[in-house]
Amino acid sequence: MATLNKNNSAVKRIMQEARELANDPSPEYSAAPLEDDIFEWHCTLRGPAGTEFEGGLYHFRILLPAEYPFRPPSLMMLTPNGRFETDTKICISFTSYHEELWQPAWGVRTAIIGLQGFFPLKGKAAVGIGSIEHPTTERKRLAALSRSWVCPHCRESNLDLLPDPVALPDPVAPSSSTESAAPPEPLAAAPVSAPSPDTDSAVVTPLAPNPVATPNPVATPASVHIERVAAPIPRPRTQVISQPRQRPPILLDTAICVILVLVCGIVFRRMF
Ligand SMILES: [Zn+2]
């Protein structure tokens with residue numbers, strides 16, 4: 001650092017960006033220049049959420065040219081990831097492969113965010129020097145391994161360099177789990193408290209019979225209502241069936257009576 005010419009425009013710009021990144025860190029990446037070479041940065045980038053790289057942490061080098069920011073940086077992936085070759089300069093629009101696309105107003109932060117956006121690209125959009133297209137299962141496997149990957153230069157794991165901001169979701173998840181665990185506890189506490197009143201009610205007997213008596217009437221009327229609803233239906237049916245059975249005897253009786261009257265009439269006519 002002592003050999004750096006702080007009047008150099010590139011050095012000024014790089015130190016300014018380093019301060020800006022240190023003062024305004026992102027949960028998506030951490031980046032800083034090497035202590036012995038301000039033109040080389042090491043960055044740990046979080047895999048884009050919702051992709052096969054989610055959960056992955058990827059370490060890469062950012063090489064800034066002496067003409068920075070008028071010439072673009074170069075990126076070189078270090079952590080195996082299944083998307084970019086390692087130890088190879090990556091060809092994306094803002095790197096040294098495409099100097100004409102680089103704008104001096106951009107910076108290291110722009111390059112990092114841009115690289116993150118290149119992770120999920122597939123097909124023709126993903127073609128380029130340093131690009132590889134490993135199967136999703138392999139990318140997921142590498143994403144899981146990447147968290148404990150240690151940079152030989154930084155000598156720290158990716159997870160140490162970029163701890164999960166999931167620190168915020170984590171308390172939410174445990175709290176939700178505690179919430180989910182909380183209901184069982186009250187449920188468990190309720191039966192425990194219920195028997196304990198029973199034991200107390202053994203001393204105060206009137207309290208126990210009352211709660212027992214109240215649930216019983218509640219249950220019995222319900223069952224009675226059900227029985228009453230079910231009972232009337234069969235009863236009218238049986239009555240309807242029994243009525244037609246009673247009609248034939250009545251008709252027979254009246255017919256017999258009529259016949260007897262006629263017979264009596266005939267008998268009386270013959271006698272007189
Ligand atoms: Zn490193």
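Residues numbered from 1 in each chain as written. Predicted model: local features only at pLDDT ≥ 70, side-chain atom pairs only at ≥ 80, totals over all residues.

Looking now at the nonpolar core. Counting residues in hydrophobic clusters, the biggest one holds 32 residues, and the most contacted among them are Ala31, Cys43, Ile62 and Ile112. Elements supplying a minimum of two residues to this core: α1 (9-23), β1 (29-34), β2 (37-46), β3 (57-63), β4 (74-77), α2 (108-118) and α3 (136-146). Broken down by element, the residue count for this core peaks at 5 residues, all from α2. (Core = buried A, V, L, I, M, F, W, Y, C linked by C-beta atoms within 7 Å. Buried ≥ 20, exposed ≤ 12 C-beta atoms within 10 Å, placed from the backbone. Helix = DSSP H or I, 4+ residues; strand = E, 2+ residues; numbered from the N terminus.)

Next up on the list: α2. Listed in full, the buried residues belonging to α2 are Val108, Ala111, Ile112, Leu115 and Phe118. For α2, the angular spread of the buried residues around the axis is 120°, confining them to a single face. Structurally, α2 contributes buried residues whose contacts are with α1, β1, β2, β3 and β4. (Arc of directions from axis to C-beta. Contact = placed C-beta atoms within 7 Å.)

By the secondary structure assignment, Phe60 is in strand β3. Setting aside chain neighbours within four positions, we find Phe60 in contact with Cys43, Leu45, Leu75, Met76, Met77 and Leu78.

Below, the discussion takes up the pairing of β2. Within a regular strand, side chains alternate between the sheet's two faces. Pairing of β1 with β2, which is carried by 6 bridges, proceeds in the antiparallel orientation. Looking at the pairing, Ser30 lines up with Thr44 of β2. Between β1 and β2, which pair antiparallel in sequence order, lie 2 residues. Note that β2 and β3 share 7 bridges and pair antiparallel. What sits directly across from His42, in β3, is Arg61. (Pairing = 2+ DSSP bridges.)

This brings us to α3. Listed as buried for α3 are Arg139, Leu142, Ala143 and Ser146. Viewed along the axis of α3, the buried residues span an arc of 105°, placing them on a single side of the element. Looking at α3, the residues exposed on the side facing more than 90 degrees away from the buried face are Thr137 and Ala144. For α3, the elements touching its buried residues are β3 and α4 (158-161).

Residue Pro69 follows Tyr68 across a cis peptide bond; omega there is 5°. Mapped onto the secondary structure, Pro69 falls in the loop between β3 and β4. Of note in this structure, Asp87 is not a glycine but carries a positive phi near 55°. Using a count of 9 C-beta atoms within 10 Å as the deciding quantity, one classes Asp87 as exposed. The backbone of Arg155 shows a phi angle near 60°, a positive value even though the residue is not glycine. By the secondary structure assignment, Arg155 is in the loop between α3 and α4. Exposure remark for Arg155: the 8 C-beta atoms within 10 Å place this residue in the exposed category.

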